[in-house]
Amino acid sequence: MSGPIAQQITLGELSITALILGEIYDRVEDWFAADQLSDFRSISRLPVICLHISGPGLSILIDACDPRQYPINGVEPLDIQTSLRKIGIHPEDITRVILTHGHHDHFCGVWDLDREAANFPNARHILSAQDWGNGTLTATAQMADGSAANPGPLEKLWQMGLLDLDTCDPPLPPGVSLIDAAGETKGHRVVRISSNGQAFYFLADLFHVPAELNAPDLCPIWADAPALKQSRRLLTQAIIQANAQFMCSHLPEVFSADRFNFPSFLGEP
Ligand SMILES: [Zn+2]
């Protein structure tokens, strides 16, 4: 995969680019309890998406995977710096990297293993303190990825003083805010972006596969299911209320509140 643009969205003064960095390969049916899988179409490849926000004086990245750490059939994907440069985004211009949660496929691209250097050297990186403690990932953040959950890239940033927890200094610009959405991990957060009265939500891993959007009781086995379902309900209501657009980390489509048929579980106040 060579990092195609999945979506390009204009939101007021902002331009939002969703970039497919590569794919991860997994037996997705193993993510869910067998008795929940009545209607499940098996998926083995999931795109990994990062989102870039640009606007006047603004260059922000949401999530950073290094897909070279998830090779498929010997196909070597591009590194994140090259993928971004190919679409005209300069990694050194990025001033904030928002990490939605402490799972490896969302943060492993903050550090380049070949160059032993930060991929976004001029950026403050921000992660929830719930997913980070004593200089490494918390146990609950590491659980999902098992052996793949190497916290090394984040530990490098932490040692260099480039990682902020919960809030960052200077703060995020107006129109970009983080919303707690626990479930996937304790510190999982989604990003609300707004400009000129329009709103867009990057929901990260609130939903991973289409089956979950249609059946929001379907939760991966590592998740805190009651917390995840509550987060799904609250975020969906906010999206409907704002008539917003939204997308997720592993689903390359943009959904619109006015066109998406939310299951009643999610839409009920
Ligand atoms: Zn993920």
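Residue numbering note: each chain is counted from 1, following its sequence as written. The predicted nature of this model means local features are confined to residues of pLDDT at least 70 and side-chain atom pairs, given and counted, to a pLDDT of 80 or more, with totals for whole chains, interfaces and linings taken over all residues. Side-chain numbers come from the whole structure's heavy atoms, not from hydrogens or water.

A. Quick look at the pairing of strand β3 (residues 45–55). Three exposure classes are used, based on accessible area relative to the maximum for each residue type with a 1.4 Å probe and protein chains only: buried under 20%, partly exposed in between, and exposed over 50%. A helix here means a DSSP run of H or I that spans at least four residues, while a strand means a run of E at least two residues long, and both kinds are numbered starting from the N terminus. Of all eleven residues that make up β3, eight are buried, and the element is covered over most of its length. Strand pairing is defined by DSSP finding a minimum of two bridges between the two strands. Alignment of strand β2 (residues 14–25) against β3, held across ten bridges, turns out to be antiparallel. When the bridges of β3 are listed, Thr17 appears paired with His52. Two strands pair when backbone bridges link them, and β3 and strand β4 (residues 58–62) are joined in this way by five bridges, in the antiparallel orientation. Residue pairing for β4: Leu51 is matched across the bridge by Ile62. Hairpin connection between β3 and β4: a loop of two residues separates the two successive antiparallel strands, and Gly57 in this loop has a positive phi of roughly 70°.

B. View of the coordination of the zinc ion. Looking at the zinc ion, the protein donor atoms are Asp105 (OD), His106 (NE2), Asp205 (OD) and His250 (NE2), and they sit 2.1 to 2.5 Å from it. Bound by four donor atoms, the zinc ion shows angles of 86 to 161° at the metal and therefore irregular coordination geometry. Counting the intervening residues between successive donors of the zinc ion yields the motif D-H-x98-D-x44-H. Taken as a pair, Asp105 in helix α2 (residues 104–107) and His250 in the loop between β15 (245–248) and β16 (251–256) lie far apart in primary sequence, 145 residues in all. Taken individually, Asp105 and His250 each receive the classification buried, so the pair is uniform in this respect. Ligating atoms shown are N, O and S within 2.8 Å of the metal, or 3.2 Å for Na, K and Ca, and water is not included, meaning a site may look less than complete. Angle rules define the geometry names used: all angles between 85 and 135 degrees makes four donors tetrahedral, while opposite donors over 155 degrees apart and all other angles between 65 and 115 make four donors square planar and six octahedral, leaving every other case irregular.

C. Geometry of the nonpolar core. Think of a nonpolar core as a cluster: buried Ala, Val, Leu, Ile, Met, Phe, Trp, Tyr and Cys residues, connected wherever their side-chain atoms sit within 4.5 Å. Counting 37 residues, the largest nonpolar core has Leu61, Leu84, Ile94, Phe120 and Leu154 as its most contacted members. Sorting the residues of this core by element identifies β2, β3, α1 (80–86) and α4 (152–160) as the ones contributing at least two each. Residue contacts are defined here by distance: any two heavy atoms, one from each residue, within 4.5 Å place the two residues in contact. In this structure Leu154 touches Leu99, Phe107, Val110, Leu127, Trp132, Leu137 and Leu163, once residues within four positions along its chain are discounted. Core analysis: the next-biggest nonpolar cluster, separate from the first, contains 23 residues, Leu14, Ile16, Ile126 and Val191 among them.

D. Region of interest: the pattern of salt bridges. Here a salt bridge means any side-chain nitrogen of Lys or Arg lying within 4 Å of a carboxyl oxygen belonging to Asp or Glu. For the structure shown, the criterion picks out 13 salt bridges. Across the salt bridge formed by Arg115 and Asp112, the nearest N and O atoms sit 3.7 Å from each other. What you see here is one network of salt bridges that share partners, running through Asp66, Arg68, Asp112, Asp114 and Arg115.

E. Local environment of the side chain of His208. In this fold, His208 is placed in the loop between β14 (198–202) and α5 (210–214). Nitrogen and oxygen atoms within 3.5 Å of one another constitute a polar contact, given that in protein one can donate a hydrogen and the other can accept it, and given that sequence-neighbouring residues count only through two side-chain atoms. For His208, the side chain forms a polar contact with the side chain of Glu184, separated by 2.9 Å. Not counting the four nearest positions on each side in its chain, His208 is found in contact with Trp31, Leu46, Glu184, Pro220, Trp222, His250 and Leu251.

F. Examining the sheet that holds β16 more closely. Spatial ordering of the open sheet is given by β12-β13-β14-β15-β16, a layout of five strands whose pairing is mixed. The open sheet has two free edges, formed respectively by β12 (176–180) and β16, since each of these has just one partner strand. Strand-to-strand twist of the sheet, defined as the mean angle between neighbouring strand axes without regard to direction, takes the value 20°. Relative to β16, β15 runs antiparallel, the two being bridged by three bridges. Following the sheet pairing, Cys248 is matched in β16 by Leu251. The sheet contacts of helix α6 (residues 225–242) involve β12, β13 (189–195), β14 and β15, and relative to β14 the element is tilted by about 155°. Angular values range over 0 to 180 degrees, each being the angle between N-to-C directions of two axes fitted as lines to C-alpha atoms, with helices fitted over their stretch in contact.

G. Fine view of the environment of His90. Within the secondary structure, His90 sits in the loop between α1 and β5 (96–98). Taking the C-alpha atoms as reference, His90 lies 37 Å from Lys229; in sequence the two are 139 residues apart.

H. Broad picture of the sheet that holds β5. Spatial strand order, β1-β2-β3-β4-β5-β8-β11: seven strands in an open sheet with mixed pairing. The sheet terminates laterally at β1 (5–11) and β11 (163–165), the two strands that pair on one side only. Between one strand axis and the next, the sheet turns by 25° as a mean value, whatever way the strands run. Note that β4 and β5 share three bridges and pair parallel. Counterpart to Ile62 in the pairing with β5 is Ile98. Contacts from α4 reach β8 (124–127) and β11, with the element oriented near 90° to β11.

I. Fine view of α6. Each residue after the first adds 1.5 Å to the expected span of a helix. Helix length check: α6, at 18 residues, gives a terminal C-alpha distance of 26 Å against a target of 26 Å (1.5 Å per residue), a fit within 8%. All of the buried residues in α6 are Leu228, Ser231, Arg232, Leu235, Thr236 and Ile239. Buried residues of α6, seen end-on, are gathered within an arc of 125° and therefore sit on one face of the element. Of the exposed residues in α6, those oriented more than 90 degrees away from the buried face are Pro226 and Gln241. At the exit of α6 stands Asn243, carrying a positive phi of roughly 50°. In this description, the arc belongs to the directions extending from the helix axis to the C-beta atoms.

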